[in-house]
Each structure stands twice: as structure tokens, then as C-alpha cells.
Amino acid sequence: VPRFNAVVLGAGGVGKSALTVRFVKNSFTESYNPTIEETYRRDIFLDGERFTMEILDTAGAEQFTALNEGYIKAGHGFVLVFSLTYESSLREIDDIRQQIARIKGPDANVPIVVVGTKLDLVHEREVTRDKIRQLVNEWSLPFYETSAKQNWHVTDVFQDLLMQMRDR
Ligand code: GTP
Ligand code: MG
């Protein structure tokens, strides 16, 4: 079975673990437990073929971002996560995106999906769709708005990434 390594990166508390756990275990918890590092595995079918996706859920906390370089070297594809309820988490995505380009090389055509989380928290939303559209167009990256809580568009994220990794 072909195996790919996906790495989930983004600021602290944006919902990286909730997204990953929803995809892998189909569950959600309201309580917040900051991650140090966690690896998950799930088999996915794409066009009738089975793939194993190993998903590394990383720590968003500032003191761990020095580890990003190693994660980026080891990863085949990346899920860049920000929260729709927290505008400044979008800036961190841009930093990470540039870090990936620097480490993998600017023309490496690295599989990446950008994810805005917590779509269900409509009243707390800080980032407009126009703002994101403008950025992801500039970056030429696919983008999804998700809710791990409501299980909205979570599978789409990982399917898209798998497709990019397979077709590379
Ligand atoms: P670190 O591991 O510290 O980097 O955080 P993280 O990015 O993994 O965030 P985590 O998934 O732990 O979620 C942080 C908090 O946001 C938790 O209390 C989650 O329950 C909540 N949360 C995550 N995703 C959603 C969502 O889609 N909707 C709602 N309402 N809450 C969410
Ligand atoms: Mg986490």
C-alpha cells in the first residue's frame, strides 16, 4: 500500500488536532489540550486504490516552531491551518508557506492545502472569505473552510492532499 506523510501545521489553538482527530477517528472534543506531537494513520481510498496516510499533528505553540524545519523536510504534503475566528493565525500560515518554499525549494511543487477552521462559530468569525480568496489566489493553493465540530468539509481536505501527493 503506498504511504504518504502529511504534516499539519499552524498557530496554537486553531484546531489542528480537532481537524485531524475528526478525520482519523470521527470524533470531536470541546476541551483544549495543547499538542506536543502526535502521529495518526488512516487508510483512504482514491479512485479505487488504497493509500495509507500518516498524519503528523504538530504543536502550534511558539516554543516548538523550531521543530518545523525537521517536519517540513520529512513531509510529503502539508495542511496549513488557521482559524476563521482569529485573523492573526492567517499570518502564521504565510510564514509557514514561505518556510516550506525555502526548505523544499521554490519550484518543488509541494502538495499543500490551506484550511480555515471553526466555520461553525459564525458570530466569532474575523476573516472574510474575500480576504482569504485573495491570499490563496496569490499563493495558488487550494482552500477549504471546515468545522471539525460539525464535520463540515474535513474529508475534502485530506482527499485533496492525497490526490496532490499521488499525482506528484
Ligand atoms: P495546539 O495543539 O495547541 O497547537 O492547538 P490545535 O491547533 O491542535 O487546536 P485544537 O484542535 O486543540 O483546538 C483548540 C480548541 O478549539 C479546542 O477547544 C477545540 O474544541 C476547539 N475547536 C477546534 N476545532 C473547532 C471547530 O471546528 N469548531 C469549534 N466550535 N471549536 C473547535
Ligand atoms: Mg493540537
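First, a word on what this report is: a plain description of the structure on this page. Remember, predicted model here, so these are calculated numbers, not experimental data.

Following the criterion strictly, the structure yields 11 salt bridges and no others. Residue arginine 129 is joined to glutamate 145 by a salt bridge in which the shortest nitrogen-to-oxygen separation is 2.5 Å. Taken together, the residues arginine 129 in helix 4 (residues 129-139) and glutamate 145 in strand 6 (residues 143-145) connect sequence positions 16 residues apart. The exposure class of glutamate 145 is buried, given its relative accessible area of 9%.

Here we come to the packing of helix 3 (residues 88-104) against helix 4. In contact at an axis separation of 12 Å, helix 3 and helix 4 are set at 5 degrees when each is read in the N-to-C sense. Accordingly, the angle class assigned to the pair helix 3 and helix 4 is roughly parallel. Within the contact between the two elements, helix 3 uses Leu90, Ile93, Asp94 and Arg97 and helix 4 uses Lys131, Leu135 and Trp139. Among the residues making up the contact of helix 3 with helix 4, the classes are represented as four nonpolar, no polar and three charged.

Before going further, it helps to spend a moment on the site of ligand 1. Lining the immediate surroundings of ligand 1 are 23 residues, of which Lys16, Thr29, Glu30, Tyr32 and Asp120 lie closest. At a separation of 2.7 Å, a nitrogen atom of ligand 1 approaches a polar side-chain atom of aspartate 120. In this structure, an oxygen atom belonging to ligand 1 sits 3.4 Å away from a main-chain N or O atom of lysine 149. Taking 650 Å² as the accessible area of ligand 1 by itself, protein coverage stands at 92%. Split into classes, the residues belonging to the shell around ligand 1 amount to nine nonpolar, nine polar and five charged.

As a further point, take the pairing of strand 2 (residues 37-46). Summarising the sheet, strand 2 and strand 3 (residues 49-58) pair through 10 bridges and their orientation is antiparallel. Within strand 3, the position partnered with arginine 41 by the bridge is glutamate 54. Between strand 2 and strand 3, which pair antiparallel one after the other, the connecting turn spans two residues, and aspartate 47 there sits at a positive phi close to 50 degrees.

Taken together, the protein ligands of the magnesium ion (ligand 2) are Ser17 (OG) and Thr35 (OG1), with distances of 2.0 to 2.1 Å. Taken together, the residues span a long stretch of sequence, with serine 17 in helix 1 (residues 16-25) and threonine 35 in the loop between helix 1 and strand 2 at a distance of 18 residues. Judged by its relative accessible area of 16%, threonine 35 falls in the buried class.

Time to look at the sheet that holds strand 5 (residues 112-117). In spatial order, the strands read 2-3-1-4-5-6; together these six strands make up an open sheet with mixed pairing. Each end of this open sheet is capped by a strand with a single partner; those strands are strand 2 and strand 6. Across the sheet, the axes of successive neighbouring strands diverge by a mean angle of 25 degrees, strand direction being ignored. Where strand 1 (residues 3-10) meets strand 4 (residues 77-83), five bridges bridge the pair, whose relative direction is parallel. Of the residues in strand 4, the one forming a bridge with leucine 9 is leucine 80. Packing against the sheet, helix 3 makes contact with strand 1, strand 4 and strand 5, and its axis sits at approximately 165 degrees to strand 4.

What counts, and at which threshold
Residues numbered from 1 in each chain as written. Chains lettered and ligands numbered in written order. Predicted model: local features only at pLDDT ≥ 70, side-chain atom pairs only at ≥ 80, totals over all residues. Heavy atoms only, no water. Salt bridge = Lys/Arg side-chain N within 4 Å of Asp/Glu carboxyl O. Helix = DSSP H or I, 4+ residues; strand = E, 2+ residues; numbered from the N terminus. Buried < 20%, exposed > 50% of the residue type's maximum accessible area, 1.4 Å probe, protein only. Axes fitted to C-alpha atoms, helices over the stretch in contact; angles between N-to-C directions. Parallel < 35°, antiparallel > 145°, perpendicular 65-115°, else oblique. Contact = heavy atoms within 4.5 Å. Nonpolar A, V, L, I, M, F, W, Y, C, P; charged D, E, K, R; others polar. Near = heavy atom within 4 Å. Polar contact = N/O pair within 3.5 Å; in protein donor to acceptor, adjacent residues only side chain to side chain. Areas by Shrake-Rupley, 256 points an atom, 1.4 Å probe, with all protein chains shown as cover. Pairing = 2+ DSSP bridges. Donors = N, O, S within 2.8 Å, 3.2 Å for Na, K, Ca; no water.

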